Amino acid sequence: MFSYRHGFHAGNHADVLKHMVLIAVLKHLTAKPTAVTVVDTHAGAGLYRLDSDFAGTSGEAQDGIVKLWASPLAAEPPPLLADYLELVASFNPSGKKKIYPGSPFVTQALLRQDPRDKLWLFELHPTDSKALADHVAQIEDHRMVAVKREDGFEGLRALIPPPSRRGLVLIDPSYEIKNDYGRVAACIQESLKKFATGTYMVWYPVIPRPEAHELPRRLKTLANQAGKPWLHATLNIGQAPERAKTHTPGEQPMRQGLTASGVFLINPPHTLKAPLQEVLPQLVEVLGRGRGQGQVVESGG
Ligand code: SAM
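Counting of residues starts from 1 at the beginning of each chain's written sequence and follows it residue by residue. Given that the model is predicted, a residue must reach a pLDDT of at least 70 before its local features are reported, and side-chain atom pairs must reach 80 or more before they are shown or counted; all residues, however, enter totals for whole chains, interfaces and linings. To obtain the side-chain values, all non-hydrogen atoms of the structure were included, while hydrogens and water were left out.

1. Points about the overall build of the protein
Part 1 of the reasoning: Segments assigned H or I by DSSP are reported as helices when at least four residues long, segments assigned E as strands when at least two residues long, and all are numbered from the N terminus. A tally of regular secondary structure across the protein gives 10 helices and 10 strands.
Part 2 of the reasoning: In this description the radius of gyration comes from C-alpha coordinates, and the expected globular size is given by 2.2 Å times residues to the power 0.38. Computed over the C-alpha atoms, the radius of gyration of the protein is 18 Å, within 12% of the 19 Å expected from 2.2 N^0.38 for a compact globule of 301 residues.
Part 3 of the reasoning: By its C-alpha atoms, the protein is 60 × 45 × 45 Å across when sized along the principal axes.
Part 4 of the reasoning: Contacts are assigned to residue pairs with any non-hydrogen atoms lying within 4.5 Å of each other. Long-range contacts, defined as pairs at least 24 residues apart, comprise 81% of the intrachain contacts of the protein with a sequence gap of at least 6.
Part 5 of the reasoning: Charged side chains in the protein number 34 positive and 30 negative. The centres of these two groups are separated by 4 Å. Positive charges are assigned to Lys and Arg, negative charges to Asp and Glu, while His and the chain termini are left out of the count. Charge placement uses NZ in Lys and CZ in Arg. For Asp and Glu, CG and CD serve respectively.

So, in structure tokens, the structure goes:
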């Protein structure tokens, strides 16, 4: 049923945007002593090898974290990027950059080793779900992490509002099923009624498909109707120059892959917009490939 495997995409430009913002949100949520609950409805395998067959097949990290590591920006990163690079580096203590943490491990690294903080991870793919459970089992104290091989949209229902009323819902589907766009919007609409003060973060691909185009608009409408503040950011690395002109006979023209993605937050940290406005143009400078490259940061409510 599911052909999407995040291993092919780990560390790409979309992960850079998503995980950088995720870290900022979690730092904000954990700045107060109140217990925090995070529900990651589409968790993936949790940890990825950048030198694996998966990552090597599409090489998407080359246009993401790998390019970033090699850039002068990595030597003097603005605050949001510094936190992101530091966290990824903490998974590679030898200095050799081989491991890339997915959202479960990014989150786990920032939650407090306090049984009150809780992380719920939903992953439906049998292989990735097993890999995720195995990775989580290796965390020294994993009492605060629960892995469920269940539908994340469904599982979320029973978990909100969390007892402390402080938490994040990360919704990061692969959108290989067109229905996912509608399910995200329905899930946000329903969840905001049950847990109006929660922070919600939705990732989506910017692709020429009406549902993808509509999703941020629908989310804006839902946030505005609920009277909640929102923040929307996109990062577009643009089209790589056509390699077909220079490639040798028989060589395949380069696959462009995903060129842009967005994150939409409801009840975002009020401190997030300014540093995002600072860092995104710098990321475009480093990761941009050409035609169409750019970024957007907008907010409302
Ligand atoms: N959040 C991860 C990260 O940032 O590292 C990446 C997640 S990946 C984009 C989406 C994942 O959702 C895939 O591993 C897929 O198998 C899983 N999935 C798809 N539909 C699902 C559903 N309804 N409930 C839970 N997981 C689902």
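Structure shown, so let's carry the discussion forward.
2. Notes on the nonpolar core
Part 1 of the reasoning: By nonpolar core we mean a set of buried residues, namely Ala, Val, Leu, Ile, Met, Phe, Trp, Tyr and Cys, connected to one another through side-chain atoms within 4.5 Å. Each residue is assigned to one of three classes by its accessible area relative to the maximum for its type, calculated with a 1.4 Å probe on protein chains only: buried under 20%, partly exposed between the two thresholds, exposed over 50%. Ranked by size, the top nonpolar core spans 89 residues in total, and within it Tyr84, Ile188, Leu276 and Leu283 carry the most contacts.
Part 2 of the reasoning: Of the residues forming this core, the biggest block, 11 residues, is contributed by helix H1 (residues 13-29).
Part 3 of the reasoning: In this structure, Leu276 is in contact with Met20, Val21, Leu80, Leu231, Ala233, Pro281 and Val297, ignoring residues within four places of it in sequence.

3. Brief notes about the environment of Leu119
Part 1 of the reasoning: Among the secondary structure elements, Leu119 is positioned in strand E4 (residues 118-122).
Part 2 of the reasoning: C-alpha of Leu119 to C-alpha of Thr259: the two residues are 140 residues apart in sequence and 30 Å apart in space.

4. A word on the site of the ligand
Part 1 of the reasoning: What surrounds the ligand is a group of 21 residues, the closest being His19, His42, Ser103, Glu123 and Asp172.
Part 2 of the reasoning: Within 3.5 Å is the distance limit for a polar contact, defined as a pair of N or O atoms, with the added protein rule that one can donate a hydrogen and the other accept it, and that residues adjacent in sequence qualify only through two side-chain atoms. Contacts to the ligand include Asp151, whose side-chain N or O atom sits 3.3 Å from a nitrogen atom.
Part 3 of the reasoning: In the shell around the ligand, the residues fall into 5 nonpolar, 10 polar and 6 charged. Throughout, the term near means that a residue has one or more heavy atoms lying within 4 Å of the molecule or strand in question. Under the scheme applied, nonpolar residues are Ala, Val, Leu, Ile, Met, Phe, Trp, Tyr, Cys and Pro; charged residues are Asp, Glu, Lys and Arg; polar residues are all the others, including Gly.

5. Comments concerning the packing of H1 against helix H5 (residues 103-110)
Part 1 of the reasoning: Fitting a line to C-alpha atoms yields each axis, with helices limited to the stretch in contact; the angle taken between N-to-C directions then spans 0 to 180 degrees. Closest axis-to-axis distance for the H1/H5 pair is 10 Å, and the angle between their directions is 25°. Considered as vectors, H1 and H5 are oriented roughly parallel to each other. Of the two elements, H1 crosses H5, and the hand of that crossing is right-handed. Note on element contacts: H5 touches H1 through Ser103, Val106, Thr107 and Leu110, opposite His19, Leu22, Ile23, Leu26 and Lys27.
Part 2 of the reasoning: Taken together, the residues that form the contact of H1 with H5 break down as 5 nonpolar, 3 polar and 1 charged. Each angle gets one of four labels, with under 35 degrees taken as roughly parallel, over 145 as roughly antiparallel, 65 to 115 as roughly perpendicular, and the rest as oblique. Take the far helix as the reference: if the near one is turned anticlockwise from it by less than a right angle, the crossing is left-handed, and if turned clockwise, right-handed.

6. Things to note about the environment of Gln277
Part 1 of the reasoning: Residue position: Gln277 is located in helix H10 (residues 273-287).
Part 2 of the reasoning: For the pair Gln277 and Gln295, spaced 18 residues apart in the sequence, the C-alpha separation amounts to 9.0 Å.

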